[in-house]
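# Structure at a glance
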There are 2 protein chains.
Amino acid sequence: MKISDLSKRSGVSIATIKYYLREGLLASGESTASNQADYGDAHVRRLRLIRALIDVGEIPVASVRSVLHAVDSSSISLHDAFGEVMHSLGGAPPQAETGETGETGVTRPVATSEVQAWLKRRRWSIKPNAPAPHALAAMVDTLRAFDFPVSVSDFDAAADAAEQSAELEVAYARAMADRTAAVETMVIGTIVYERALAEVRRLALEAVSARLENTATAGPRRRSRVVTTAR
Amino acid sequence: MKISDLSKRSGVSIATIKYYLREGLLASGESTASNQADYGDAHVRRLRLIRALIDVGEIPVASVRSVLHAVDSSSISLHDAFGEVMHSLGGAPPQAETGETGETGVTRPVATSEVQAWLKRRRWSIKPNAPAPHALAAMVDTLRAFDFPVSVSDFDAAADAAEQSAELEVAYARAMADRTAAVETMVIGTIVYERALAEVRRLALEAVSARLENTATAGPRRRSRVVTTAR
C-alpha cells in the first residue's frame, strides 16, 4: 500500500510516519518503479505498537527505539527479549524521596530486602537488573511514609491473580509462529492490560466513593449531589 | 522546624522546597523573630504528597497545583474533591490511534458504549466528565487492534477485586478526622497502589515467562540461561 493508505489504516499522520522512518523506528517500504514505497501489514502493526508504547506506555521516543530493538533481535531468546522490553519500560530506578537521605542521589528503598524475600518465597525468578522489585519496594516505602499499614505479603492475592492471567497471556504469545508477533503481543499485553486494570481500579474507587458519600447521612460533611451516567 | 530540617525529614532538597514555595504548591512557614520560617508536620506530609504525585503519578507541576487545590478545597464534598483529583490525574482523554480516523483530532473510542453498558450493569456511578471510562474503552480498542479477543466483561473479576479493596481504602480515608488527611490518603492510595499492582503484574509476567522458557525443551527456539535472583 502507499504511505497515504498506511496513514489511513494506522490512524497515524503521514508526517509522523516520515518522522518514524527518519528515526529508524519503522523499516522503509519496498521501492516501486514509480519512485514510491510499498508498505504492508507488518508496517501497520509496527505503527500501532509504536503508538501504544508512546500513548499508553508513555515512554520517550529514544526508549521506543530500544524496545523495538529487543522486539527485532532474533539472536536472543523470547524470554530475554521480553526482559529487555520490560527493562526499557521500567526506566531508571525511582529515587526514594521518603527517607532521610538528602540529595545524595539514588538510594535503595528500605523495603528492598522484604521484596526479595517475598519473590523467593513465591519462587519467582526475576533478573538481577530488573527495575520492578526496586519500584515495588519504593511504593511500599511511600505507603508507609503515609502511615498505610502495608506489608509486601499484602500483595499475595493480587500476585496470585496476576500469575494466573500471566500464564494465559505468555502462553498465548509464545504459541505464535511469528517471533516478532510473539514479542509484540507480550509488549502490548503488558502495557495495555496494565493501563486498563488501573482504569478499572479508578472506576471502582469512584463508584465506592459515590456510594459511601450517598449513604453518609450523619456527620459534619454535607451530602453531595452525585451525578450519574451509569444508571 | 527550620527549612534545613524540613529538607532532611522529607528528603527533598532546600532548592526544590523553595521552588515549591514560589510556585504556591507549599504553604509558607510561620515567620519567626530571627527572620526565618518555621515548618511543621503538615509541610512534611505535603512535600511527600507532591513528590508522590510527580515521581509516582508522573504528573506535571501545573497539574499538581490543581490536584492540591482539590485536596485543600473544603467547600466541596469529600467525594467531589476525590473526583477532581481523579480528573487531574487522568489528563486529557487519549486519542484513538487505531481507528481509520486520520488526523481529525480526538475521536471517541469504539468500545465507549460497551464500557457505559458495563458500568450500568455493575451499578457503578461515574461522573460524566470522568476520563477513566474513555481511557478504558481506548485500551479495549487497542487490544482488539492487536487481535486480542477481549470484551469489557473480561474485566469483571478484576473489577470485583478492585471494588472489595476500594471499600476498605475509601472507608479508611473517610474515617479520618482531618479532611485534608482524608483526601491526601485517597490520592496516595490511588496512585501508589496502582503503581505497586502494576509492578506486581510485571513481576508475574517475568516469572511466568522464565518458567515457560525453561520448560520449552522442544521447538526452534533455543533454551536461554535464566538468571535468577529469587532463589
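All values derive from a computational prediction rather than experimental measurement.

### Observations concerning the interface of chain B and chain A
Accessible area lost when the parts come together is the quantity often used to give the size of an interface. Contact residues are listed per partner, giving 107 residues for chain B and 106 residues for chain A. A per-residue breakdown of the area chain B buries against chain A is headed by B:Phe146, B:Arg201 and B:Glu206, which together make up 8% of the total. Applying the counting rule to chain B against chain A returns 14 salt bridges. Of the charged contacts in the structure, one is a salt bridge between A:Arg195 and B:Glu194, with a shortest N-O distance of 3.8 Å. Put simply, chain B and chain A have 22 residue pairs in polar contact (both at pLDDT 80 or more) between them. Only α1 (3-10), α3 (41-56), α5 (78-90), α6 (112-122), α7 (132-145), α8 (156-174) and α9 (179-215) of chain B provide two or more residues apiece to the side of chain B that touches chain A. At 28 residues, α9(B) tops the list of elements feeding residues into the side of chain B that touches chain A. Among the residues forming the side of chain B that touches chain A, the class breakdown is 54 nonpolar, 22 polar and 31 charged.

### Remarks on the pattern of salt bridges
Inspection of the entire model under this criterion finds 40 salt bridges over all chains. Put simply, A:Asp156 and A:Arg122 hold a salt bridge, and the shortest N to O gap is 2.6 Å. Residue A:Asp156 is found in helix α8 (residues 156-174), and its partner A:Arg122 is found in helix α6 (residues 112-122); the two are separated by 34 residues along the sequence. Comparing A:Asp156 with A:Arg122, the two get one shared label, buried. Here B:Glu167 and A:Arg211 are joined by a salt bridge, their closest N and O atoms 2.8 Å apart. Linking B:Glu167 in helix α8 with A:Arg211 in helix α9 (residues 179-215), this pair reaches from one chain into another. Beyond isolated ion pairs, a larger network of salt bridges with shared partners links A:Arg121, A:Arg122, A:Asp156, A:Asp160, A:Glu163, A:Glu167 and B:Arg211.

### Considering helix α5 (residues 78-90) of chain A
Owing to its 3.6 residues per turn, the α-helix aligns residues three or four sequence positions apart on the same side. Look at α5(A): 18 Å from first C-alpha to last across 13 residues, which is about the 18 Å you get at 1.5 Å a residue. Burial analysis of α5(A) places 11 of its 13 residues in the buried class, the great majority of the element. The complete set of buried residues in α5(A) reads A:Leu78, A:His79, A:Asp80, A:Ala81, A:Phe82, A:Gly83, A:Val85, A:Met86, A:His87, A:Ser88 and A:Leu89. Its buried side turned inward, α5(A) meets α3 (41-56), α4 (61-72), α8 and α9 of chain A together with α9 of chain B.

### Topic: the relation of the copies chain B and chain A
For these two chains of identical sequence, chain B goes onto chain A by a turn of 180° and a shift of 0.0 Å along the axis, with RMSD 0.0 Å. Each copy turns onto its partner about a two-fold axis. By C-alpha distance to the rotation axis, the residue of chain B lying nearest is B:Ala198, at 4.0 Å. Take the interface residues of chain B: 99% of them recur as interface residues in chain A, which is what a same-surface contact looks like.

### What to know about the side chain of A:Glu184
You can see A:Glu184 is positioned in helix α9. Apart from residues lying up to four places away in sequence, A:Glu184 is in contact with A:Arg45, A:Arg46, A:Leu49, A:Val71 and B:Phe146.

### Section: the nonpolar core
Grouped together as the largest cluster of nonpolar side chains are 134 residues, with contacts concentrated most on A:Leu53, A:Trp118, B:Leu53 and B:Trp118. If we ignore the near neighbours within four places in the chain, the residues touching A:Trp118 are A:Trp124, A:Leu136, A:Val152, A:Ser153, A:Phe155, A:Asp156, A:Ala159, B:Val200 and B:Leu203.

### Re unusual backbone geometry
A positive phi is found at A:Arg123, a non-glycine position, where the angle reads about 60°. Relative to the helices and strands, A:Arg123 resides in the loop between α6 and α7 (132-145). In this structure A:Arg123 comes out as exposed when scored by relative accessible area, which is 58%. Non-glycine residue B:Asp147 carries a positive phi angle of around 70°.

### Focus: the packing of α9(A) against α9(B)
Between α9(A) and α9(B), the shortest axis-to-axis distance is 10 Å and the interhelical angle comes to 150°. It follows that α9(A) is roughly antiparallel to α9(B) by the angle criterion. Crossing handedness for the pair α9(A) and α9(B): right-handed. Every residue of α9(B) that contacts α9(A) at A:Met186, A:Gly189, A:Thr190, A:Tyr193, A:Glu194, A:Arg195, A:Leu197, A:Ala198, A:Arg201, A:Arg202, A:Leu205 and A:Ser209 is listed here: B:Met186, B:Gly189, B:Thr190, B:Tyr193, B:Glu194, B:Arg195, B:Leu197, B:Ala198, B:Arg201, B:Arg202, B:Leu205 and B:Ser209. Looking at side-chain class alone, the contact of α9(A) with α9(B) contains 10 nonpolar, six polar and eight charged residues.

### Quick word on the environment of A:Glu199
Its place among the elements puts A:Glu199 in helix α9. According to the relative accessible area criterion, A:Glu199 is buried, its value standing at 6%. Look past the residues within four positions of A:Glu199 in its chain and what remains in contact with it is B:Ala132, B:Ala135 and B:Leu136.

### Focus: the environment of B:Arg48
Position of B:Arg48 relative to the elements: it lies in helix α3. B:Arg48 sits 37 residues away from B:Gly11 along the chain, and the two C-alpha atoms are 8.6 Å apart.

### Comments concerning α3(A)
An ideal rise of 1.5 Å per residue puts 22 Å on 16 residues; α3(A) measures up with 22 Å between its terminal C-alpha atoms. Residues of α3(A) that are buried make contact with α1 (3-10), α2 (14-22), α4, α5 and α9 of chain A together with α7 of chain B. Looking one or two residues beyond α3(A), the residue adopting positive phi is A:Glu58, at roughly 50°.

### Quick notes on the packing of aromatic side chains
Considering all chains together, one arrives at 10 aromatic pairs over all chains under this definition. Seen in terms of ring centroids, A:Trp118 and A:Trp124 are 5.8 Å apart; in terms of plane orientation they differ by 70°. Their pairing is edge-to-face. Members of the aromatic cluster, joined through ring pairs, are A:Phe148, A:Phe155, B:Tyr172 and B:Tyr193.

### Things to note about the confidence of the model for chain A
All names here are of chain A. The pLDDT averaged across chain A works out to 82; a share of 86% of its residues lies at or above 70. For chain A, per-element mean pLDDT is lowest for α5, which scores 82, and highest for α6, which scores 96. In this model, residues 93-105 is a region of pLDDT below 50 whose contacts with residues beyond four sequence positions or in other chains number 30 contacts. In this model residues 217-224 is a low-confidence stretch, pLDDT under 50, and it forms 16 contacts with partners more than four residues away in sequence or in other chains.

Definitions and limits used
- Residues numbered from 1 in each chain as written.
- Chains lettered and ligands numbered in written order.
- Predicted model: local features only at pLDDT ≥ 70, side-chain atom pairs only at ≥ 80, totals over all residues.
- Heavy atoms only, no water.
- Contact = heavy atoms within 4.5 Å.
- Buried area = accessible area lost by both parts, 1.4 Å probe.
- Salt bridge = Lys/Arg side-chain N within 4 Å of Asp/Glu carboxyl O.
- Polar contact = N/O pair within 3.5 Å; in protein donor to acceptor, adjacent residues only side chain to side chain.
- Helix = DSSP H or I, 4+ residues; strand = E, 2+ residues; numbered from the N terminus.
- Nonpolar A, V, L, I, M, F, W, Y, C, P; charged D, E, K, R; others polar.
- Buried < 20%, exposed > 50% of the residue type's maximum accessible area, 1.4 Å probe, protein only.
- Expected span 1.5 Å × (residues − 1).
- Least-squares fit on C-alpha atoms with pLDDT ≥ 70 in both.
- Core = buried A, V, L, I, M, F, W, Y, C linked by side-chain atoms within 4.5 Å.
- Axes fitted to C-alpha atoms, helices over the stretch in contact; angles between N-to-C directions.
- Parallel < 35°, antiparallel > 145°, perpendicular 65-115°, else oblique.
- Left-handed = near helix turned anticlockwise from the far one by under 90°.
- Phe/Tyr/Trp six-rings, centres within 6.5 Å; stacked < 30°, edge-to-face > 60°.
- pLDDT = per-residue confidence, 0-100.

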